[in-house]
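Here's the letter readout for the chains.
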Amino acid sequence: MRHWQNCRMTTTDSTPRRLRVLSGIQPTADSFHLGNYCGALRNWVDMQDTHDAFYFIADLHAITIDHDPKLLIQRRRVAAAQLLAIGVDPQKSTLFVQSQVSAHPMLSWVLECHTGFGEAARMTQFKDKSAKNERTTVGLFTYPVLQAADILLYDAEAVPVGEDQRQHLELVRDLAHRFNTSYGQTFVTPNAHIVKATGVIHDLADPTKKMSKSGSSPQGIIDLLDESNRIRKKIKSAVTDTGREIAYDTELKPGVSNLLTIYATLSGTSIVELEERYEGKGYGDFKKDLAEVVADFCAPIAQRTREYLDDPATLDKILLGGAEKANTVASATLSRVYDRVGFGEPV
């Protein structure tokens, strides 16, 4: 599930200046996994207390590959319910579905008309994704431009990025600069903001790979909605390393290091403390305890997710309310763009 973030400073007459943060995640699976949570989603919950937070379900991006329409509708609901379940608060942040804000594809088209074919062809993620799919679409080719529209609609001043998103950010910056040069100042040109390292979770079956829906086996992934006994079984069968020492060493002991990262992230206990706690103990005791930590963490998320899904009227009300707020911001940017290129006010 691809996710991305951007931030800008915002202010009103009665409130201090705050960074606006916008993040999106695709609803391309039946559950978010532990890697999604530790790498990004837990930060969504923290940032809504300090930022003007806009979070969206990136369903437009989800159709760049083959999909089942009915399944997409269901997965949008499940994604929204999970975000609420992990602590995204609609009173503190704006949660919406990307396709319910028409400015996203409308701005994307304008930006596509200012993107060189060679620029789009150089995107490494397109090369990677197209190699994994039998049918390569124009949408898959141009999705980095839609991602640029997602960012530029909200006047981002900074974009927190991981290494796999740096190339896309450069495209965003190039498009913003090109448009501003041609039509006058319209977009804020975002800068890269390197986020303090968060927990990168690796595949339980192959700890040399990042945990991923597209690249991991079912046994290599912990889904947030997994049943507790299934979680325990996956943790207990996770690949470790030679020897018995519980020590953090990503080169010599990638399996144990990955499990220590999960343990530390979910428990709030430092890796050093965990190493001391399990000194002289074997992998069995360590994995047994970790299995309980992960199961206990995921169980209430799964329960709250079910509660939101059992009340679709409330879930839809939250998403529609978020879309209205997002539309207010995005439509203002789109109006500037339409005025610059000669379209007038958007209909």
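Residue numbering note: each chain is counted from 1, following its sequence as written. Thresholds applied to this predicted model are a pLDDT of at least 70 for local features of residues and 80 or more for the giving and counting of side-chain atom pairs; totals over whole chains, interfaces and linings are not thresholded and use all residues. Side-chain calculation: all heavy atoms of the structure are included, whereas hydrogens and water are not.

## With respect to the overall build of the protein chain
For the purposes of this entry, the term helix denotes a DSSP run of H or I that reaches at least four residues, the term strand denotes a run of E that reaches at least two, and both are numbered from the N terminus. Regarding its fold elements, the protein chain presents 13 helices and 6 strands. Burial here depends on accessible area, computed with a 1.4 Å probe over protein chains only, as a share of the maximum for the residue type. Under 20% is buried, over 50% is exposed, and the range in between is partly exposed. With 347 residues in all, the protein chain has 50% of them scored as buried. The contact criterion used throughout is that any non-hydrogen atoms of two residues lie within 4.5 Å. The long-range fraction of contacts in the protein chain, counting pairs at least 24 apart against all pairs at least 6 apart in sequence, stands at 71%.

## As for a negative patch on the surface
Patches were defined on residues exceeding 30% relative accessible area and lacking a salt bridge, with like-charge contacts within 9 Å and nonpolar side-chain contacts (Val, Leu, Ile, Met, Phe, Trp, Tyr) within 5 Å. For the accessible areas, the method is Shrake-Rupley and the probe is 1.4 Å, while residue cover comes only from the protein chains on display. Salt bridges are defined as contacts in which a side-chain nitrogen from Lys or Arg sits within 4 Å of a carboxyl oxygen from Asp or Glu. Charged residues are defined here as Lys and Arg on the positive side and Asp and Glu on the negative side; His and the ends of the chain fall outside this count. To locate a charge, the coordinates of NZ of Lys, CZ of Arg, CG of Asp or CD of Glu are taken. A grouping of Glu-245, Glu-273, Glu-276 and Glu-279 is seen on the molecular surface, where their side chains present a negatively charged patch. Topologically, Glu-273 is positioned in helix H11 (residues 271–277).

## Things to note about helix H3 (residues 69–86)
Taking 1.5 Å of rise per residue, 18 residues should cover 26 Å, and H3 covers 26 Å from first to last C-alpha, within 8% of that figure. All of the buried residues along H3 are Leu-72, Arg-75, Val-78, Ala-79, Ala-80, Ala-81, Gln-82, Leu-83, Leu-84, Ala-85 and Ile-86. Where H3 begins, the capping side chain belongs to Asp-68, and its oxygen is found 3.0 Å from the backbone nitrogen of Lys-70. Count one or two residues on from H3 and you reach Gly-87, which has phi positive near 125°. By this rule the span expected of a helix is its residue count minus one, scaled by 1.5 Å. We define a polar contact as two N or O atoms separated by no more than 3.5 Å, with the added condition that, inside protein, one atom must be a possible hydrogen donor and the other a possible acceptor, whereas residues neighbouring each other in sequence contribute only through side-chain atom pairs.

## Things to note about the nonpolar core
Core analysis: the biggest nonpolar cluster contains 55 residues, and Leu-34, Trp-44, Leu-83, Leu-224, Ile-262 and Val-294 have the highest contact counts within it. The greatest single-element share of this core, amounting to 9 residues, is contributed by helix H12 (residues 283–309). If we ignore the near neighbours within four places in the chain, the residues touching Val-294 are Leu-34, Ile-222, Ile-231, Ile-235, Ile-262 and Leu-266. Residues grouped as a nonpolar core are buried Ala, Val, Leu, Ile, Met, Phe, Trp, Tyr and Cys residues, joined through side-chain atoms within 4.5 Å. In terms of nonpolar packing, the next biggest core, distinct from the first, is built from 38 residues, Ala-149, Ile-151, Leu-153 and Ala-330 among them.

## Structural notes on the side chain of Asp-226
Summarising the element assignment, Asp-226 is placed in the loop between strand S6 (191–194) and helix H9 (228–236). Here the side chain of Asp-226 touches Lys-234 through a polar contact of 3.0 Å, side chain to side chain. Among all residues touching Asp-226, those that are not within four sequence positions of it are Ile-221, Ile-231 and Lys-234.

## What about the pattern of salt bridges?
A complete count under the given rule lists 12 salt bridges for this structure. Between Asp-316 and Arg-77 there is a salt bridge, and its shortest N-O distance comes to 3.0 Å. In this pair, Asp-316 is assigned in helix H13 (residues 312–341) and Arg-77 in helix H3, connecting sequence segments 239 residues apart. Classification of Asp-316 by relative accessible area gives partly exposed; the value is 27%. The salt bridge involving Arg-340 is made with Asp-339; its shortest N-O contact spans 3.7 Å. Accessibility expressed as a relative area gives 29% for Arg-340, which makes it partly exposed. In the salt-bridge network here, residues are joined through shared partners; they are Asp-226, Arg-230 and Lys-234.

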